[in-house]
Amino acid sequence: MDLAVRRPPDGAAAGGLPVGAVALHEVSVAFAIRGAPAYKAVAPTSLAVAEGAFVAIVGPTGCGKSTLLNAVAGLLQPAGGWVEIFGERLAGLNGRAGYLFQQDALMPWKTALDNVAIALEVAGTPRREAVAAARDWLGKVGLARFAERYPHQLSGGQRKRVGLAQVLIRRPRILLMDEPFGPLDAQTRQIMGNLLLGLWAEDRKAVLFVTHDLEEAIALSDRVVIMSAGPEARIIGDHVIDLPRPRDAAEVRLDPRFHALHRRIWDQLRAEVAKTYEEGAAR
Ligand SMILES: Nc1ncnc2c1ncn2[C@@H]1O[C@H](COP(=O)(O)OP(=O)(O)OP(=O)(O)O)[C@@H](O)[C@H]1O
């Protein structure tokens, strides 16, 4: 793979340099394993994400998608290379990013309102102000009537909405999403996709969205990046999704252009998925 930072196809260039929210410069990741050589999960990988771009990362299970996201979040230290956030080298946690995981991060003893407000309170916002902002955000995610419910009194999709409000209320310039809608049924995923697209359109954060679902990746993104099977996974494809916006995450799937993109990207992804299963079967 070429190790130069990829220019985002949708990124503006200033003075010949990409204006990036996120840039991975030959980032590699290895994990120490007791009694065995380190596991080289990700080979030197470069990727640039322009401000405001929505980029999906897709690849076979266990290839290193979450690992790459964790490197951007500053949750793990690369073995080689470095991460830049808005042009600055990342050292420690990435304070410009909000992170949404597959698992809920809601506190079961707090109401939906307090779960959202706490995200501001821990950053020093006075309670009254934090609660007012939390009410606003619960409205934006369609949960105004559910403010006083506890997480166990909400559906899976509603809990995801609270999680989204909890992350977005801090107005991060970068949104890192790791299979955020994973446990939801197909219809709820599409509804959540539309909610996300609507909120994203308001202030266009840079989004890195990890999913195993290629249709979801194409429906939501400006670019779909494909990772190879691990070990030493790397980026083997970077596809521009030129479907018009605004998009409906469900209806866009009926567009003939969607099918053409799906066929082209799936051809590449299929080979990597097959490798993962062959290796699994050989063990
Ligand atoms: N802390 C760790 N120690 C050792 N190996 C790890 C560790 N974390 C991840 N790995 C390995 O690194 C590889 C990449 O893991 P990662 O979770 O990034 O994959 P993924 O593409 O997100 O997978 P999935 O789609 O199944 O969620 C896997 O082989 C995994 O077993």
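- In the annotation of an unreviewed UniProt entry, the protein chain is listed under the name NitT/TauT family transport system ATP-binding protein and assigned to Labrys wisconsinensis.
- UniProt annotates the protein chain under Sequence similarities (unreviewed entry) with the comment "Belongs to the ABC transporter superfamily."

1. Describing the overall build of the protein chain
- From N to C terminus, the protein chain includes seven helices and 12 strands.
- A compact globule built from 283 residues should have a C-alpha radius of gyration of about 19 Å, and the protein chain, at 19 Å, falls within 12% of that.
- Principal-axis analysis of the C-alpha atoms places the extent of the protein chain at approximately 50 × 50 × 45 Å.
- For the protein chain, the residues scored as buried account for 50% of the 283 residues in total.
- Contacts spanning at least 24 positions in sequence make up 69% of the contacts within the protein chain whose residues lie at least 6 apart.
- Accessible surface, the protein chain as shown: approximately 13500 Å² in total, 53% of it carbon and sulfur.
- Counting 34 positive and 31 negative side-chain charges, the protein chain places the averaged centre of each group 3 Å from the other.

2. Considerations on the site of the ligand
- With respect to spatial proximity, the complete set of residues near the ligand consists of F31, I33, Y39, A41, P60, T61, G62, C63, G64, K65, S66 and T67.
- Within the side chain of Y39, an N or O atom sits 3.5 Å from an oxygen atom of the ligand.
- In isolation the ligand has 640 Å² of accessible area, and contact with the protein removes 60% of it.
- Mapped by element, the contributors of at least two residues to the shell around the ligand are β3 (20-33), β4 (36-50) and α1 (65-73).
- Ranked by the residues each element gives to the shell around the ligand, the list is headed by α1, at three residues.
- Across the shell around the ligand, the residue classes break down as six nonpolar, five polar and one charged.

3. Thoughts on the environment of V55
- Along the polypeptide, V55 turns up in strand β5 (residues 54-58).
- Among the residues examined, V55 registers a relative accessible area of 0% and is labelled buried.
- Here V55 is in contact with V49, V207, L208, F209, S221, R223 and V225, once residues within four sequence places are set aside.

4. Topic: helix α4 (residues 156-168)
- The end-to-end C-alpha separation of α4 is 18 Å, in line with the 18 Å expected for 13 residues at 1.5 Å each.
- In terms of burial, α4 is largely enclosed, as 11 of its 13 residues are buried.
- Buried within α4 are the following residues: G157, Q158, K160, R161, V162, G163, L164, A165, Q166, V167 and L168.
- Next to the buried residues of α4 lie β8 (97-100), α2 (112-121), α3 (127-140), β9 (174-178) and α5 (186-203).

5. Topic: the sheet that holds strand β7 (residues 88-89)
- An order of β4-β3-β6-β7 is seen for the four strands of this open sheet, with the pairing classed as antiparallel. Two strands in the sheet have a free side with no partner beyond their single neighbour: β4 and β7.
- Where β3 meets strand β6 (residues 80-85), five bridges bridge the pair, whose relative direction is antiparallel. If you follow V22 over to β6, its bridge partner there is I85.
- The strands touched by α1 are β3, β4 and β6; relative to β3, the strand with the most contacts, the crossing angle is about 115°.

6. A short note on the pattern of salt bridges
- Tallying each qualifying case throughout the model produces 13 salt bridges.
- The residue D203 makes a salt bridge to K205 at a minimum N-O spacing of 2.9 Å.
- Here D203 falls in the partly exposed class, since its relative accessible area comes to 26%.
- Residue class for K205 comes out buried when judged on its relative accessible area of 5%.
- A salt bridge links R257 to D242, with the nearest nitrogen and oxygen atoms 3.0 Å apart. Residue R257 is found in helix α7 (residues 256-282), and its partner D242 is found in the loop between β12 (235-240) and α7; the two are separated by 15 residues along the sequence.
- Residue R257 is classed as partly exposed on the basis of its relative accessible area of 33%.
- The structure contains a network of salt bridges with shared partners spanning D114, E121 and R127.

7. Some thoughts on the sheet that holds β12
- Taken together, six strands build an open sheet; the order of strands is β8-β9-β10-β5-β11-β12 and the sheet is mixed. Each edge of the open sheet is held by one strand with a lone partner, namely β8 and β12. Pairwise comparison of adjacent strand axes, ignoring direction, gives a mean angle of 15° for this sheet.
- One ladder, built from four bridges, connects β5 with strand β11 (residues 223-227); its direction is parallel. For V55, the partnering residue across the bridge sits in β11 and is R223.
- Packed onto the sheet, α1 meets β5, β8, β9, β10 (206-210) and β11 and runs at close to 150° relative to β9.
- Relative to the sheet, α5 contacts β5, β9 and β10, its axis offset from that of β5 by approximately 140°.

Conventions and cut-offs
Residues numbered from 1 in each chain as written. Predicted model: local features only at pLDDT ≥ 70, side-chain atom pairs only at ≥ 80, totals over all residues. Heavy atoms only, no water. UniProt positions renumbered as here; feature names shortened; annotations may be inferred. Helix = DSSP H or I, 4+ residues; strand = E, 2+ residues; numbered from the N terminus. Rg over C-alpha atoms; globule rule 2.2 N^0.38 Å. Buried < 20%, exposed > 50% of the residue type's maximum accessible area, 1.4 Å probe, protein only. Contact = heavy atoms within 4.5 Å. Areas by Shrake-Rupley, 256 points an atom, 1.4 Å probe, with all protein chains shown as cover. Lys, Arg positive; Asp, Glu negative; His and termini not counted. Charge placed at Lys NZ, Arg CZ, Asp CG, Glu CD. Near = heavy atom within 4 Å. Polar contact = N/O pair within 3.5 Å; in protein donor to acceptor, adjacent residues only side chain to side chain. Nonpolar A, V, L, I, M, F, W, Y, C, P; charged D, E, K, R; others polar. Expected span 1.5 Å × (residues − 1). Pairing = 2+ DSSP bridges. Axes fitted to C-alpha atoms, helices over the stretch in contact; angles between N-to-C directions. Salt bridge = Lys/Arg side-chain N within 4 Å of Asp/Glu carboxyl O.

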